[in-house]
Amino acid sequence: MPQLGLLHGRAWTVFLGQLRRPPGAVCIRAVRSHSQVAEALFASQLKPQEKSNFIIKTPKGTRDLSPQQMVVREKILNVVVSCFKRHGAKGLDTPAFELKEILTEKYGEDSGLIYDLKDQGGELLSLRYDLTYRSSLTYLCEVPFARYLAMNKVKKMKRYHVGKVWRRESPTIVQGRYREFYQCDFDIAGQFDPMIPDAECLKIMCEILSELHLGDFLIKVNDRRILDGIFAVCGVPESKFHAICSSVDKLDKISWKDVRHEMVVKKGLAPEVADRIGDYVQCHGGISLVEQMFQDPRLSQNKQALEGLGDLKLLFEYLTVFGVAEKVSFDLSLARGLDYYTGVIYEAVLLQTPVHAEEEPLNVGSVAAGGRYDGLVGMFDPRGHKVPCVGLSIGVERIFSIVEQRMKTFGEKIRTTETQVFVATPQKNFLQERLKLIAELWDAGIKAELMYKNNPKLLPQLQYCENMGIPLVVIIGEQELKEGVIKLRSVPSREEVAIKRENLVAEVQKRLSES
């Protein structure tokens, strides 16, 4: 109903006065007054509304996925999840949003990148957050997992989780960076002998990246205790550990000269201290570098660093047994930013994204990462009971960007359905017969389709099968019905054979098993 303010005040006074009159008391003036009110009402409703500048689009940093893209994504996720299950992980899901204080207290300076939800029911909530796109990759749903372990008093668990996470930052779509994206996590919680779960995590990363055929890759490893030990023996004040760590973390993007400049000029570190740090963080190698660090006159005097080096030595022994040691490099420049990492940290990078020379290189950054976080569960437990944890995460969006670009380069065709059989007819009035046939196929677990028309022409039905890559066509017509047979057509070869009606399912299953 129009608002009162749309009409002249006097017109409403007259109108309301007429409403108070007895039903039979009608006069010319009343009729005139009613006409004035009606004209005003119609005039207000017929005024042209201003056109809005509304644009139909997805929110910034998000995207729709076409059926073709969904096929690619599902294949990637299937590879990842199958590997997790092969290693004995159980599925676990946590809410898409958590209490805001749980996330903001644990993520610290990055809490400004968390999406907050409007107060609902007296609770301040935030969307599940991910640190995927720091300069060194950090794929984590570890805070919700740690909360789950503490809340349910779980002491041992091997789990995987696949779900969407959100990050409130300016996205870089061309690099596979979004505000909303999928994350695939694998974590092992519990008190176990050193480095056995850690080695399995690195083995899982190697298996997944190899099976996805993304090209050559390398897994960088370091240890937070070694990194902290380096800062200590080089003379970095403890209050500057976090700031200097974030500078070192940029060495995969900028030169040591620029990193040193940032440390000295922007963060106030003494030049000689920065130079000593440079002697360490530019080193990378294998088990021989671990042995070399054991002999280092300064680092060998730091208890934390020695503990980290001891664990890395053991880790490389297990990786050698697993047959993946050549894919792993001890890289002293790997410096993850999160404070709750307590031991080994790792990050997988593609050394050569293109598999073929004619492909254009893609800059999509790291594709997997993880580390050990032994103290996080204790931060949620009322009594501070700790549950050691180690985990990894696979960067699905970045991997998807690589695969998608490769498919565009080579014009690969993707089937968007898994339909195995199409039920067709060349004649009219055969809908019910087609419905009987397709029901029989469905009941046998065969993926089948038909055209949603009473009397479709045969040629469009066959063309649909060729366009969609459907391998078999079942054809029923008057002659087939009279003889009790069905025509089975191979779409690729276009050969047709007549089979007995009762043998339809068995023959289709046989053909499909042979293809």
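The rules we used
- Residues numbered from 1 in each chain as written.
- Predicted model: local features only at pLDDT ≥ 70, side-chain atom pairs only at ≥ 80, totals over all residues.
- Heavy atoms only, no water.
- Helix = DSSP H or I, 4+ residues; strand = E, 2+ residues; numbered from the N terminus.
- Contact = heavy atoms within 4.5 Å.
- Areas by Shrake-Rupley, 256 points an atom, 1.4 Å probe, with all protein chains shown as cover.
- Buried < 20%, exposed > 50% of the residue type's maximum accessible area, 1.4 Å probe, protein only.
- Pairing = 2+ DSSP bridges.
- Phe/Tyr/Trp six-rings, centres within 6.5 Å; stacked < 30°, edge-to-face > 60°.
- Lys NZ or Arg CZ within 6 Å of the ring centre and 35° of its normal.
- Salt bridge = Lys/Arg side-chain N within 4 Å of Asp/Glu carboxyl O.
- Axes fitted to C-alpha atoms, helices over the stretch in contact; angles between N-to-C directions.
- Left-handed = near helix turned anticlockwise from the far one by under 90°.
- Nonpolar A, V, L, I, M, F, W, Y, C, P; charged D, E, K, R; others polar.
- Expected span 1.5 Å × (residues − 1).
- Arc of directions from axis to C-beta.
- Core = buried A, V, L, I, M, F, W, Y, C linked by side-chain atoms within 4.5 Å.
- 1 Å grid on protein atoms, 1.4 Å probe; cavity = no way out; pocket = protein on both sides within 12 Å on 5 of 7 lines; lining within 4 Å.
- Points joined across faces, edges and corners; volume = space filled by probe spheres on them.

Engineer: Tell me about the overall build of the protein, and name the residues and values.
Structural biologist: Looking only at helices and strands, the protein features 18 helices and 17 strands. For the protein, long-range pairs separated by at least 24 residues make up 70% of all intrachain contacts whose partners lie at least 6 apart in sequence. Of the accessible surface of the protein, which amounts to about 26,800 Å², a share of 53% is contributed by carbon and sulfur atoms.

Engineer: Quick one: what's the story with the pairing of strand E13 (residues 421-424), residue by residue and with numbers?
Structural biologist: Taking every second residue as pointing to the same face, both faces of E13 are buried, with Val-421 and Val-423 on one and Phe-422 and Ala-424 on the other. Pairing analysis gives three bridges linking E13 to strand E14 (residues 448-450), with the strands arranged parallel. Of the residues in E14, the one forming a bridge with Phe-422 is Glu-449. As paired elements, E13 and strand E15 (residues 472-475) share four bridges and run parallel to each other. Bridging across to E15, Phe-422 finds its partner in Val-473.

Engineer: Give me the packing of aromatic side chains: which residues, what numbers.
Structural biologist: Taken as a whole, this structure holds four aromatic pairs when the rule is applied. With a centroid separation of 5.6 Å and an interplanar angle of 50 degrees, the aromatic rings of Phe-422 and Tyr-464 are classed as tilted. Placement of Phe-422 in strand E13 and of Tyr-464 in helix H16 (residues 458-468) is noted, with a sequence separation of 42 residues between them. Looking at Tyr-464, the relative accessible area reads 26%, which means it is partly exposed. Aromatic ring contacts, followed pair by pair, group Phe-84, Tyr-160 and Phe-186 into a single cluster. Arg-159 extends its terminal NZ or CZ atom over the ring of Phe-145, reaching a point 4.2 Å from the ring centre. In this arrangement the basic side chain of Lys-327 is found over the ring face of Phe-217, its NZ or CZ atom lying 4.6 Å from the centre.

Engineer: Tell me what's going on with the pattern of salt bridges, and back it up with residues and numbers.
Structural biologist: Under the counting rule described, the total for this entry stands at 25 salt bridges. A salt bridge links Glu-207 to Arg-86; its shortest N-O distance comes to 2.9 Å. Remark: Arg-86 occurs in helix H3 (residues 67-86) and Glu-207 occurs in helix H6 (residues 196-211); sequence separation between them is 121 residues. Measuring nitrogen to oxygen at the nearest pair gives 2.9 Å for the salt bridge that ties Asp-198 to Arg-372. Separated by 174 residues along the polypeptide, Asp-198 in helix H6 and Arg-372 in strand E11 (residues 366-372) bring together distant segments of the chain.

Engineer: So what's going on with the environment of Ile-486? Residues and values would help.
Structural biologist: Within the fold, Ile-486 resides in strand E16 (residues 485-490). Residue classification places Ile-486 among the buried positions, given a relative accessible area of 0%. Taking the C-alpha atoms as reference points, Ile-486 and Ile-475, separated by eleven residues in sequence, lie 6.1 Å from one another.

Engineer: Let's hear about the packing of helix H7 (residues 224-234) against helix H12 (residues 303-322): which residues, and what values?
Structural biologist: In the contact formed by H7 and H12, the axes pass within 7 Å of each other and the chain directions differ by 145 degrees. When the axes of H7 and H12 are compared, the crossing they make is left-handed. Counting all contacts with H7, which are made through Arg-225, Ile-226, Asp-228 and Gly-229, the residues of H12 involved are Gln-304, Ala-305, Glu-307, Gly-308, Leu-309, Asp-311 and Leu-312. When the residues that make up the contact of H7 with H12 are grouped by side-chain class, the tally is four nonpolar, three polar and four charged.

Engineer: So what's going on with the pairing of strand E12 (residues 389-394)? Residues and values would help.
Structural biologist: Of all six residues in E12, six are buried; the element is thus mostly enclosed. The alternating pattern of E12 places Cys-389, Gly-391 and Ser-393 on one face and Val-390, Leu-392 and Ile-394 on the opposite face, and all of these are buried. Sheet analysis places strand E6 (residues 180-189) next to E12, joined by six bridges and oriented antiparallel. The partner of Asp-185 across the bridge, within E12, is Ser-393.

Engineer: Go over helix H15 (residues 431-443), please, and point to the residues and values.
Structural biologist: Between its terminal C-alpha atoms H15 stretches 18 Å, which fits the 18 Å expected from 13 residues at 1.5 Å a residue. Listed in full, the buried residues belonging to H15 are Arg-434, Leu-437, Ile-438 and Leu-441. When H15 is viewed along its axis, its buried side chains cluster within an angular range of 95 degrees and face the same direction. Along H15, exposed side chains directed more than 90 degrees from the buried face belong to Gln-432 and Asp-443. Along its buried surface, H15 packs onto E13, E14, E15, E16 and helix H18 (504-514). Downstream of H15 by a residue or two, Gly-445 has a phi angle that is positive, lying close to 80 degrees.

Engineer: Please provide a residue-by-residue account of unusual backbone geometry, values included.
Structural biologist: The phi torsion at His-213 lies on the positive side, around 55 degrees, for a residue other than glycine. Although it is not a glycine, Asn-429 adopts a positive phi angle of roughly 60 degrees. On the accessibility criterion, Asn-429 (69% relative accessible area) is exposed.

Engineer: Tell me about H6, and name the residues and values.
Structural biologist: Helix length check: H6 (16 residues) gives 23 Å between terminal C-alpha atoms against 22 Å at 1.5 Å per residue, within 8%. Positive backbone phi, approximately 55 degrees, marks His-213, located one or two places after H6.

Engineer: Describe the nonpolar core, listing the residues and the values that go with them.
Structural biologist: Formed by 78 residues in total, the largest nonpolar core has its most connected members in Phe-84, Ile-219, Phe-231, Ile-277, Phe-330 and Tyr-346. One finds Val-421, Leu-488, Ile-499 and Leu-512 within the second-largest nonpolar core, a separate group that totals 19 residues.

Engineer: Report on the sheet that holds E13, specifying residues and quantitative values.
Structural biologist: If you trace the five strands from one edge of the open sheet to the other, you get E14-E13-E15-E16-E17, paired in mixed fashion. Two strands bound the open sheet, and with one partner strand each, they are E14 and strand E17 (496-500). Pairwise comparison of adjacent strand axes, ignoring direction, gives a mean angle of 30 degrees for this sheet.

Engineer: Please give an account of the layout of surface pockets that cites residues and values.
Structural biologist: Reported here for the largest pocket is a volume of approximately 510 Å³. For the lining of the largest pocket, the elements supplying multiple residues, two or more each, are H3 and helix H14 (396-410). Among the elements that take part in the lining of the largest pocket, H3 stands out by supplying six residues, more than any other.

Engineer: Talk me through the side chain of Glu-404; I want residue IDs and the actual numbers.
Structural biologist: The residue Glu-404 is located in helix H14 in this model. A relative accessible area of 16% places Glu-404 in the buried class. Ignoring any residue separated from it by four or fewer positions in sequence, one finds Glu-404 in contact with Arg-63 and Gln-69.

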